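Structure assessment
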Amino acid sequence: MASIQILSRKTGKSYRVQFMRNGNRVSKVFSRKKDAEQFLAQITVSDELADALSPEQVDAVALGIYAIENDRALLEGDQTGLGKGRVMAAMARYNVLHGRKVIFITETPTLFTDFWRDVRDINSADLFSPMIVNDGVAMFDPVTGKKLIDATPKAVIQRAIKNDEIPAEYNLVLATYSQFNRTAESSPKSRWIVSAARNAALNLDESHNAAGASSNTGTNIRAAIEYADAVVYSSATSMKNASNVLIYSKLFPGSVDLGSLPETLSAGGEVLQEVLSGMLAQDGVFIRREHDLSGLQFRTAVSKQEARNREFSDKLADILELMNYLSGDIKSLVNDRNKDIEKMLESIPESERAGNRMGASSVNFGSRLFALYRQFLMAIKTDLAVEQTLDAL
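My aim in this report is to walk through the structure given alongside it, one point at a time. (Residues numbered from 1 in each chain as written. Predicted model: local features only at pLDDT ≥ 70, side-chain atom pairs only at ≥ 80, totals over all residues. Heavy atoms only, no water.)

So, the pairing of strand β5 (residues 102-106)
Successive side chains on a regular strand alternate, one facing one side of the sheet and the next facing the other. This is how it is decided: Burial classes follow relative accessibility: with a 1.4 Å probe on protein chains only, a residue under 20% of its type's maximum area counts as buried, one over 50% as exposed, and anything between as partly exposed. Here a strand is any run of E in DSSP of at least two residues, a helix any run of H or I of at least four, and the numbering for each starts at the N terminus. Here a strand pair is declared whenever DSSP counts at least two bridges between the two strands.
Most of β5 is tucked away, with five of its five residues classed as buried. As paired elements, β5 and strand β9 (residues 172-176) share five bridges and run parallel to each other. Counterpart to Phe104 in the pairing with β9 is Leu174. The pairing of β5 with strand β10 (residues 201-205) spans four bridges and is classified as parallel. Each residue of the ladder has a partner; that of Ile105, found in β10, is Leu204.

What to know about the pattern of salt bridges
Condition: Between Lys or Arg on one side and Asp or Glu on the other, a salt bridge is scored when a side-chain nitrogen of the former is within 4 Å of a carboxyl oxygen of the latter.
Within this structure, the stated rule accounts for 17 salt bridges. Its salt-bridge partner being Asp229, residue Arg100 comes within 2.8 Å of it at the nearest N-O pair. Taken as a pair, Arg100 in the loop between α3 (84-97) and β5 and Asp229 in the loop between α7 (216-227) and β11 (230-234) lie far apart in primary sequence, 129 residues in all. Taking relative accessible area as the criterion, Arg100 reaches 13% and is therefore assigned buried. A relative accessible area of 38% places Asp229 in the partly exposed class.

Observations concerning the environment of Asn216
The condition that has to hold: The contact definition used throughout considers only heavy atoms, calling two residues in contact when any of these lie within 4.5 Å. Polar contact is the term for a pair of N or O atoms within 3.5 Å; when the atoms are in protein, one must be able to donate a hydrogen and the other to accept it, and sequence-neighboring residues count only if both atoms are side-chain atoms.
Position of Asn216 relative to the elements: it lies in helix α7. Owing to a relative accessible area of 32%, Asn216 belongs among the partly exposed residues under this scheme. Counting along the chain gives 183 residues from Asn216 to Lys33, while the straight-line C-alpha distance between them is 41 Å. Discounting chain neighbours no more than four positions away, the residues touching Asn216 are Phe180, Asn181, Arg182 and Thr183. Among the polar contacts listed, one links the side chain of Asn216 to the backbone oxygen of Asn181, at a separation of 3.2 Å.

Details of the environment of Ile103
With respect to the secondary-structure elements, Ile103 resides in strand β5. With a relative accessible area of 0%, Ile103 lands in the buried category. For the pair Ile103 and Ala201, spaced 98 residues apart in sequence, the C-alpha separation works out to 6.1 Å. Sequence-distant contacts of Ile103, that is, excluding residues within four places in its chain, are made with Ile166, Val173, Ile193, Ala196, Ala197, Ala200, Ala201, Leu202 and Asn203.

Remarks on unusual backbone geometry
Even without being a glycine, Asn123 presents a positive backbone phi close to 55 degrees. Tracing the backbone through its elements, the reader meets Asn123 in the loop between α4 (110-121) and β6 (130-132). Within the chain, Glu206 stands out as a residue other than glycine whose phi angle is a positive 50 degrees. Mapped onto the fold, Glu206 is located in the loop between β10 and α7. Looking at Glu206, the relative accessible area reads 22%, which means it is partly exposed.

Everything listed here is a matter of geometry and, on its own, says nothing about what the molecule does.
Structure follows, in structure tokens:
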């Protein structure tokens, strides 16, 4: 078992980490306690999950452990494909082994299966008893389609919400952000997540979904964070603007005035936001790695179905032309409808129609062209992609 010993000398204190390697006890001495604690966390992760985590994932988990043990949080900001999910699974393992119930919140229910796959890949499934908040959602093996975890009975969820707690028989809660998108005053579930987070660990996957400063989801999750005993964020696009920083309150030391931080970052622009990212990384609470694409080569593959593709493209053009014509008629109808609504509202007393937003709207045809063309191009390239893939194999 690795441990830290304090060494007192005339020149000051130093910190020795002792650990086992190949049956022998070895040690490493650090001048700063922070460095010794980070190394200890790394050694602990390496010993327990050496076969399940890559070196980059070990580093991220070690930083997460160090952050939590120093009353901070970790923002795992790695680029897609570097294994943020497995880091989140390893942090869930760490927290449950330290007596905390884990609340995993993500963007869509399909990501529950991805998270559970990572839990199984680090040989930790037997540590967890999952409760799925989303009604009727189960977890399946993505390869075989076999059901792995049944949907949690609605009566269990209702009992948990009524008692304002996570039932004793569960130590892992899975939910999507959409479950908490109403105000705490109008939604028992939104009130419950705050109570459930008390002394628990929050794993906020795709955390940018709760980063809206004025959204109900953001308000509820921020309240839950205040009560949580440990927090791990995961997002490759965590802070798109200065107001998003509020959800990441646990990353900052207590001396930071979070109330004025969005305004300060907004005034400082991208330069100050870049400085902030650097300082968080230096503090060990933010990590971001990207794939090395310097050796990437692009090659143009020519389809053998050019004549067919031209024919399809011409047919699509005819359809789009008719849709454009129809769009003009729809816009005219919407305008006429809004005039009728405006006249109707004028007949209603001012006190009753104050703040009324009733009205008809339509989506501009041109705004959808890009998405339509992307889908069309992907469809006509499918045969070529399959052919190229088979040749590569």
